[in-house]
Amino acid sequence: MLIIPIKDGENIDRALKRYKRKFDKTGVVRQLRSRQAFIKPSVTRRAQVQKAAYIQGLRDSLES
């Protein structure tokens, strides 16, 4: 559970913004979305390899 202490005289909008930022950092929503459907390990590995190849291509193009 997230606890956001509110200081005296603090605006509620600012406290809500801090809560949202802290909630995003925990990654709960991302984890729930990833668990909605099973993805085979081979598919995740293939996606990682494709992403790495893409990033490496970008870095190579910058060096040339």
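Reading guide: rules and limits
Per chain, residues are indexed from 1 in the order of the written sequence. For this predicted model, a pLDDT threshold of at least 70 governs which residues receive local features, and a threshold of 80 or more governs which side-chain atom pairs are given and counted, while totals over whole chains, interfaces and linings are taken from all residues. Excluded from the side-chain calculations are hydrogens and water; all other atoms, namely the structure's heavy atoms, are used. UniProt positions are given in the numbering used here, feature names are shortened, and annotations may be inferred rather than shown by experiment. Helix and strand definitions here come from DSSP, where helices need a minimum of 4 consecutive H or I residues and strands a minimum of 2 consecutive E residues; each element is numbered from the N-terminal end. With the radius of gyration taken over C-alpha atoms, the globule rule is written as 2.2 Å times the number of residues to the power 0.38. To sort residues, take the accessible area from a 1.4 Å probe on protein chains only and compare it with the maximum for the residue type: under 20% means buried, over 50% means exposed, and anything in between is partly exposed. Note on areas: Shrake-Rupley with a 1.4 Å probe; residue coverage comes only from the protein chains shown. In this count, Lys and Arg are taken as positive residues and Asp and Glu as negative ones, while His and the chain termini are left out. Each charge is placed at NZ for Lys, CZ for Arg, CG for Asp and CD for Glu. To count toward a patch, a residue needs a relative accessible area above 30% and no salt bridge. Like charges then connect within 9 Å, nonpolar side chains (Val, Leu, Ile, Met, Phe, Trp, Tyr) within 5 Å. By convention in these notes, a salt bridge is any Lys or Arg side-chain nitrogen within 4 Å of a carboxyl oxygen on Asp or Glu.

Going by an unreviewed UniProt entry, the protein chain carries the name Small ribosomal subunit protein bS21 and comes from Flavobacterium amnicola. The UniProt entry for the protein chain carries the following text under Sequence similarities (unreviewed entry): "Belongs to the bacterial ribosomal protein bS21 family."

Draft legend 1. Highlighting the overall build of the protein chain. A count of helical and extended segments in the protein chain gives three helices and zero strands. When the helices and strands of the protein chain are placed in sequence order, the string is α-α-α. A compact globule built from 64 residues should have a C-alpha radius of gyration of about 11 Å, whereas the protein chain, at 20 Å, is more than 25% larger. Across its three principal directions, the C-alpha atoms of the protein chain cover 55 × 35 × 15 Å. The proportion of buried residues among the 64 residues of the protein chain is 5%. Of the roughly 6400 Å² of accessible surface on the protein chain, a fraction of 56% belongs to carbon and sulfur atoms. A distance of 9 Å separates the average location of the 16 positive side-chain charges in the protein chain from that of its 6 negative side-chain charges.

Draft legend 2. Examining a nonpolar patch on the surface more closely. A grouping of Val28, Val29 and Leu32 is seen on the molecular surface, where their side chains present a nonpolar patch of about 230 Å² in accessible area. With respect to the element layout, Val28 can be found in helix α2 (residues 28–35).

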